[in-house]
Amino acid sequence: MTTTAPRADVGVRQATRGDLLSVFRIEKRSFPQAWPYAAFERFLDEPGFLVAEADGGADDVEAGEIVGYVVADSIPNHGVSIGHVKDLAVAPERRGEGIGGLLLSRALATLATQSVGRVKLEVRESNDAALSLYREFGFEIHHAVPGYYDDGEDAYVMVREL
C-alpha cells in the first residue's frame, strides 16, 4: 500500500454542499482540464465523494480547510458492480504528505461496502505522481485511450480487483 503516512492534522469525511467551492478551487489548480462546478454537485450524494479536512493542528493550516478530495462511485455490471475513481486531487501545497493515499484508501473501502469486485480509473499518461500512487494500491494499466484529454494527451485506464 502507500508508503507515506498522512499528517495527523487531516481527517476524511463525506463531502457536503459547503465543501464544493473549496473542492472546485483545488480542481482548477490541479488539472488543465478541470471539472465544472456542476459536476461535483451531481456527486454530492455518492458515498465515495470524500474530502480531506485539516483539523488545524499545524501552524499554517486553518481548521476545517479542505485540502483534498476524491470522487468515486459504482455501476452495476451483471451482478458485480464496477467501482470508478472519477477524480482525486490534493491541494498543491499539501502534496507529498500522504493525503492522496488516505483519500484513495477510504474511497476503496467505501466501494468495497457496495459489493464492488473491480475498480477502474483514468489517469494522464504523463502524471507520474498519480501513476506511482495508483500502482502502490495495486492498480495496473489495462489499456491506453488515445487522445482522451482535450489537449490530445492519452489516458491510461488502470484497474484493480477488490
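As a reminder, the structure under discussion sits directly above these lines.
Thresholds, definitions, all that
For every chain, the first residue of the written sequence is number 1, and numbering continues from 1 along that sequence. Residue-level local features of this predicted model are given only where pLDDT is at least 70; pairs of side-chain atoms are given and counted only at 80 or more, and the full residue set underlies all totals for whole chains, interfaces and linings. Hydrogens and water are ignored here; the side-chain numbers use all heavy atoms of the structure. Under the DSSP-based scheme used, a helix requires at least four consecutive residues in state H or I and a strand at least two consecutive residues in state E, with every element numbered from the N terminus. Summary of the burial criterion: residues with accessible area below 20% of their type's maximum are buried, those above 50% are exposed, and those between are partly exposed, where the area comes from a 1.4 Å probe applied to protein chains only. Pairing between strands requires that DSSP locate at least two bridges from one strand to the other.

Please set out the overall build of the chain residue by residue, giving values where relevant.
Looking only at helices and strands, one finds four helices and seven strands in the chain. If you list the helices and strands of the chain from N to C, you get β-α-α-β-β-β-α-β-α-β-β. In terms of principal-axis extent, the alpha carbons of the chain reach across some 45 × 35 × 35 Å. Going through the 162 residues of the chain one by one, you find that 45% of them count as buried.

Describe the pairing of strand E4 (residues 81-90), naming the residues involved and giving the relevant values.
With eight of ten residues buried, E4 is to be regarded as a mostly interior element. With eight bridges connecting them, strand E3 (residues 66-75) and E4 associate as antiparallel partners. Looking at the pairing, Ala72 lines up with Val85 of E4. As paired strands, E4 and strand E5 (residues 116-124) are joined by five bridges and run parallel to one another. The residue of E5 that forms the bridge with His84 is Lys120.

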